[in-house]
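# Working through the structure, step by step
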Amino acid sequence: MKAWVIFERIEERNLDFVEKYRIAAASSVAEHSGKYITVSFENPVVEGPGPIAAPKMIAIKEFASRQAAEVWFDSPEYKAARKMREGGVTNRTMIIDVTPPSYALHQQSGTMAAIGEPSVPAWVIFERLQERSLDFVPEYRKVAAASVARFGGRYQTVSFKNPVIEGPDIGKGPNMISIIGFSSRTLASAWFNSPEYAEAMEIRRTGVTNRAIIIDVIPPEYALESSGK
C-alpha cells in the first residue's frame, strides 16, 4: 500500500535555507524512489473550529509503502536536509495510507460540467479532529459520495492511521484524513459550497469536528528534474 508524507508549514521565521534544502530534499526523495505529488502555497481553511491559520505551504511526497516513507524520513540523507530548515520554519508532518474507499469507487461518473478554463487540479483535505458519535457514517458516505461524483471528483484516499512524526503535536494525529480531488480549485470550491454537499455536512455536523483545506496539486519543477536520477 502506498503512503503519502504530508508536510504542513505552520510557521515561517527565515526562508534563506530554501534553495539548498530543495536540492538536498529532492535528491533524498529520488534516492528512496519517492516522488513529489504537490507543493502548494495557497491553502485556505474552508472548515474548522474557530479562527485557524492556513498552512503557509503544504507539500506531499509519495512512497511505495508506509515503511518506505518512514525509512526515507529517518534516513541520513533527509536528516541532513531537515537540519537545513530547522531554524527557519516549523512543520507539522504526517504519514498517511493511500487507500481510496470502496464505497466511492462506483461513484466516479461525474455529471457536472467543468467550470471555467482548464486549470490546476485541486484537492480538498479533511482532517477529523474530534469524534463524538459515528452513527451518521453510512448515510453520510452515500450522500457525500453522490455529491462528489456529480462534480466529477475522485476520492484519493481515506486514511485512519495518520501519526504526526514532526511538529508541536508529535505522536498525535487526526482520527481520519480524507482527500478528494477535482479538476480545478474552482470546481473544488463549487462542490464544497454546493447544496448537495451542504446536505452531507449537515448529516455529520453533530458527530465530528473537521478541518478542511483546499490545496493546488502542482509537482514542483525542481522535483521533476530530480526524479530522473
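Not measured: the values here are computed from a predicted model. (Residues numbered from 1 in each chain as written. Predicted model: local features only at pLDDT ≥ 70, side-chain atom pairs only at ≥ 80, totals over all residues. Heavy atoms only, no water.)

### Regarding the side chain of Glu-62
Note the cut-off: Starting at the N terminus, helices and strands are each numbered in turn, a helix being any DSSP run of H or I of at least four residues and a strand any DSSP run of E of at least two. Two N or O atoms count as a polar contact when they lie within 3.5 Å, although within protein this holds only if one can serve as hydrogen donor and the other as acceptor, and sequence-adjacent residues are included solely when both atoms are side-chain atoms. By the convention used here, residues are in contact when the closest approach between their heavy atoms is within 4.5 Å.
Mapped onto the elements, Glu-62 comes out in strand β4 (residues 57-63). Within the structure, the side chain of Glu-62 is placed 2.9 Å from the side chain of Trp-4, a separation counted as a polar contact. If we skip the residues at most four places from it in the chain, Glu-62 touches Lys-2, Ala-3, Trp-4, Gly-34, Lys-35 and Ile-37.

### Examining the pattern of salt bridges
Operational definition: Salt bridges are identified by distance alone: a Lys or Arg side-chain nitrogen within 4 Å of an Asp or Glu carboxyl oxygen. Throughout, exposure labels follow a simple rule: accessible area from a 1.4 Å probe, protein chains only, divided by the maximum for the residue type, with under 20% read as buried, over 50% as exposed, and the rest as partly exposed.
Under the definition given, this model contains 18 salt bridges. Note that Arg-9 and Glu-12 form a salt bridge whose closest N and O atoms lie 3.0 Å from each other. Relative accessible area serves as the criterion here: at 9%, Arg-9 is assigned to the buried category. For Glu-12, a relative accessible area of 33% translates into the label partly exposed.

### Some words on the nonpolar core
Defined as follows: Working definition of a nonpolar core: buried Ala, Val, Leu, Ile, Met, Phe, Trp, Tyr and Cys residues. They are joined through side-chain atoms within 4.5 Å.
If you look at the biggest cluster of nonpolar residues, it comprises 28 residues, and the most contacted ones within it are Phe-126, Tyr-155, Phe-182, Trp-191 and Tyr-197. Residue assignment for this core shows that the elements contributing at least two residues are β6 (122-131), α5 (137-150), β7 (154-159), β9 (176-182), α6 (185-192), α7 (195-204) and β10 (208-216). Among the elements that take part in this core, α5 stands out by supplying six residues, more than any other. Discounting residues that sit within four places of it in the chain, Trp-191 has contacts with Val-124, Phe-126, Ser-147, Val-148, Phe-151, Ile-180, Phe-182 and Tyr-197.

### Comments concerning the environment of Gln-67
Positionally, Gln-67 belongs in helix α2 (residues 66-73). Overall, the relative accessible area of 59% leaves Gln-67 in the exposed class. Placed 149 residues apart in sequence, Gln-67 and Asp-216 show a C-alpha to C-alpha distance of 27 Å.

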